[in-house]
Structures are given as structure tokens and as C-alpha cells.
Amino acid sequence: SPETESKPGLLGRILGRGGEETETRRVLDDDMLESLEELLIQSDMGVDTALRVSANIAEGRMGKRLSVSEIKALLAAEVARIMEPVAKPLPLYPTKPQVVLVVGVNGSGKTTTIGKLASQFRAAGKKVVIAAGDTFRAAAVEQLQVWGDRAGVPVLTAPEGSDPASLAFDALSKAQEDGADLLMIDTAGRLQNRQDLMEELAKIVRVIRKKDPEAPHNTLLVLDATTGQNAVTQVDVFRKISDVSGLVMTKLDGTARGGVLVSLADKFGLPIHAIGVGEQIDDLAPFDPEEFAAALTG
Ligand code: GDP
């Protein structure tokens, strides 16, 4: 696409001095390998993954003459290979209602993502209910209501400061009564108080299981891709306090270098259910490993 062409290619800088023809061949030596490693680390891939990816590209090719475009193709193939197994839309079960708990730090894009998902599922003919489980932030509840209106989906709320578990329980009762296909439960994202958050999430799970022992069927962790390697830390933390079953990566439309997705796939292997590509309701796309690899390598 013209957009990828106008960007300074990620690998265009491998040869260091820039401006060099992408078809010019150069011997793949230690220097070049090191430049590749550095470039991948700069793309937010994290050291471990960057080294592993570089090593795979170099394997059997040291001392050979390669052009930048050949290295790009090898890198794109390697990235696509890592990303393919995690590219999975949110699985839909015949269970009614399927309960999806949505977790993530404030600002990661939880509210927006819930709105976008609700809209997509509704367009697919599903009956959706949203529970505004971040009862501590009045603004969060209001914002979720705005998104619910946009998506044409009811949002269940409770007074500020009330127990999110009790709201979740009521929401599940209502979703069951209404014969809803899907219940999405928003949660608080105050990671500063990890113990409280853990107890709050555990209580929500415990309470909704009184209604449905299988719930929640999915726990979606929403991550802001622009936070780079911080996203890796957030997965670590959230996996300790909840049963994360899949990821949504937001803000991939901006300047995010996106390498962190490779790092996440390599480290955790959690499914990436969707990516956020803008602030509008339709700006949620399935994760496409080939397209992603091509965009990343530029
Ligand atoms: P929450 O605090 O986790 O609920 O986060 P919000 O859903 O309120 O999102 C925080 C900010 O990120 C808002 O300004 C959103 O418009 C923005 N945002 C969310 N997802 C995306 C995305 O995919 N792309 C862009 N560019 N902005 C996003």
C-alpha cells in the first residue's frame, strides 16, 4: 500500500547508511545480523523474541549474499509463522448467554472495544447485553452507555461505588431472561491496587458462577499496542489475577510499531481475537498475520 511505501522501511535501515538500493546484495555477516537484531528490538519485539527471530533468519545463511528485500521477505515469513497460530476470532459457543469478561488497565481501550464488539455481534444477528462493571468511575459508565447506544445494545449499570459482582450477577440474570446470546462485562482497570482488583475480579467470577458454573466463557484482556513492551508486563500481571483467554490489541492505527504483538505471541501464545484500528465503531478488525507481517517489515 502507498502508506507502507512512504514509511521509512523497517529494514531499509539495516545497511546502516540508508539510501542504498533494496536489491543490492550484501554478505550476511555478524554486523548485519546485529543490525537486524537491533532493528527488531527497536520495533518493540523484546530482546528474547528479536534474537530468536534474527537467529532463525540467519540460520544456514551466514556468509551468503542477501538483499534488503530478501531479508524483508524472510522476516515477514518468520513473523507470519509466529503470528498464524494466535490469529483467532473470539470463539462463539452455542451457550446462551456466552459470558465475556473484559479486563485491562484504564485507557487501554476496554470501553471502546466493548462497543465495537457489541456492534459487530449485533450486526451478525446476536442479541448482546453489556454490564458496566467499572462501577467506581461514573465517567466510565457514562462512556459505556454512549457506546451501547451507538451499538444499539442495552447497558446495565449500577450506582457509583456499588458492588460490581452484584451488577454482574443481575446482568447475567437479565441476559438469561432476555435470551441474550452474549453478555459482555466491563471491569475496573485500577492496576495500582492489584490486590483489590484481583479480589474484585475473583468475586465477579465467583458470583456469576452461581448462575452459570461455566461462566465466564472468555476473559478478554485489552492491551494498548502503543505501550510497547509494557503490554508484556500487563499480560503477566493479568494472568496472575484472572484467567485471560485471549487478547484484543488496540491503537494499531497510530504510530505503534507493533513489534510487541510478535513478542506476545512468542511468549504467551494467547489468541489475538481482534485489533483496534481507530476510534470509530467499525474500527475493529480481525487479526491478519500476513498483512501484519507485511506492515511490520514495511
Ligand atoms: P478504557 O479506559 O480502557 O475503557 O479505554 P477507552 O475505551 O475509554 O479508550 C481510551 C482512549 O483510547 C479513547 O480516547 C479511545 O478513543 C482510544 N482508543 C481506543 N481504541 C482505539 C484504537 O483502536 N485506535 C485509536 N486510535 N484509539 C483508540
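Residues numbered from 1 in each chain as written. Predicted model: local features only at pLDDT ≥ 70, side-chain atom pairs only at ≥ 80, totals over all residues. Heavy atoms only, no water.

- As annotated in an unreviewed UniProt entry, the protein chain is Signal recognition particle receptor FtsY from Pelagimonas phthalicica.
- Taken from UniProt, the Sequence similarities (unreviewed entry) comment for the protein chain reads in full: "Belongs to the GTP-binding SRP family. FtsY subfamily."
- Its UniProt record gives the protein chain the following Subunit (unreviewed entry) comment, quoted word for word: "Part of the signal recognition particle protein translocation system, which is composed of SRP and FtsY. SRP is a ribonucleoprotein composed of Ffh and a 4.5S RNA molecule." (UniProt positions renumbered as here; feature names shortened; annotations may be inferred.)

## What about the site of the ligand?
- For the ligand, the set of nearby residues contains 17 residues, the closest of which are Gly107, Thr111, Thr112, Asp253 and Glu279.
- Taking lysine 116, its side chain carries an N or O atom lying 3.5 Å from an oxygen atom of the ligand.
- Glycine 276 is positioned such that a nitrogen or oxygen atom in its backbone is 3.3 Å from an oxygen atom of the ligand.
- With the chains in place, 78% of the 580 Å² that the ligand exposes on its own is no longer accessible.
- Take the shell around the ligand: its biggest share by element is 4 residues, from helix α5 (residues 110-123).
- Partitioning the shell around the ligand into residue classes produces 2 nonpolar, 9 polar and 6 charged. (Near = heavy atom within 4 Å. Polar contact = N/O pair within 3.5 Å; in protein donor to acceptor, adjacent residues only side chain to side chain. Areas by Shrake-Rupley, 256 points an atom, 1.4 Å probe, with all protein chains shown as cover. Helix = DSSP H or I, 4+ residues; strand = E, 2+ residues; numbered from the N terminus. Nonpolar A, V, L, I, M, F, W, Y, C, P; charged D, E, K, R; others polar.)

## Side note on the environment of valine 53
- As for its placement among the helices and strands, valine 53 is situated in helix α3 (residues 47-58).
- Exposure remark for valine 53: the relative accessible area of 1% places this residue in the buried category.
- Residues valine 53 and alanine 295 lie 242 residues apart in sequence; the distance between their C-alpha atoms is 17 Å.
- Beyond its immediate stretch of four places on either side in the chain, valine 53 contacts Leu40, Met45, Leu75, Glu78 and Ile82. (Buried < 20%, exposed > 50% of the residue type's maximum accessible area, 1.4 Å probe, protein only. Contact = heavy atoms within 4.5 Å.)

## A few points about the confidence of the model for the protein chain
- Predicted confidence across the protein chain gives a mean pLDDT of 91, with 92% of residues reaching 70 or more.
- Counting contacts from residues 1-9, a segment whose pLDDT is below 50, to residues more than four positions away or on other chains yields 5 contacts.
- For this predicted complex, the interface score ipTM comes out at 0.99, alongside a pTM of 0.93. (pLDDT = per-residue confidence, 0-100.)

## A closer look at the packing of helix α2 (residues 30-45) against α3
- Packing of α2 against α3 brings their axes to within 9 Å, and their N-to-C directions diverge by 140 degrees. Relative to α3, α2 is oriented oblique. Crossing geometry of α2 relative to α3 is assigned as right-handed. Between α2 and α3, the contacting residues are Leu33, Leu36, Glu37, Leu40, Ile41 and Met45 on the first element and Val47, Thr49, Ala50, Leu51, Val53, Ser54, Ile57 and Ala58 on the second. (Axes fitted to C-alpha atoms, helices over the stretch in contact; angles between N-to-C directions. Parallel < 35°, antiparallel > 145°, perpendicular 65-115°, else oblique. Left-handed = near helix turned anticlockwise from the far one by under 90°.)

## Describing the sheet that holds strand β3 (residues 98-103)
- Pairing in this open sheet of 8 strands is mixed, and the strands run β5-β4-β6-β3-β7-β8-β9-β10 from one edge to the other. Lying at the two open borders of the sheet, with one neighbouring strand each, are β5 (155-156) and β10 (284-285).
- Relative to strand β8 (residues 246-250), strand β7 (residues 218-224) runs parallel, the two being bridged by 5 bridges. Residue pairing for β8: valine 222 is matched across the bridge by valine 248. (Pairing = 2+ DSSP bridges.)

## Describing the nonpolar core
- Membership of the largest hydrophobic core comes to 71 residues, with the highest contact counts inside it found for Val79, Met83, Leu183, Phe238, Met249, Leu261 and Leu264.
- With 7 residues, the single largest contributor to this core is helix α4 (residues 68-83).
- Other than its neighbours up to four places away in sequence, leucine 261 contacts Met83, Ala225, Met249, Leu252, Ile272, Phe287 and Phe292.
- By size, the runner-up hydrophobic cluster in this structure holds 22 residues, among which are Leu90, Phe121, Ile130 and Leu220. (Core = buried A, V, L, I, M, F, W, Y, C linked by side-chain atoms within 4.5 Å.)

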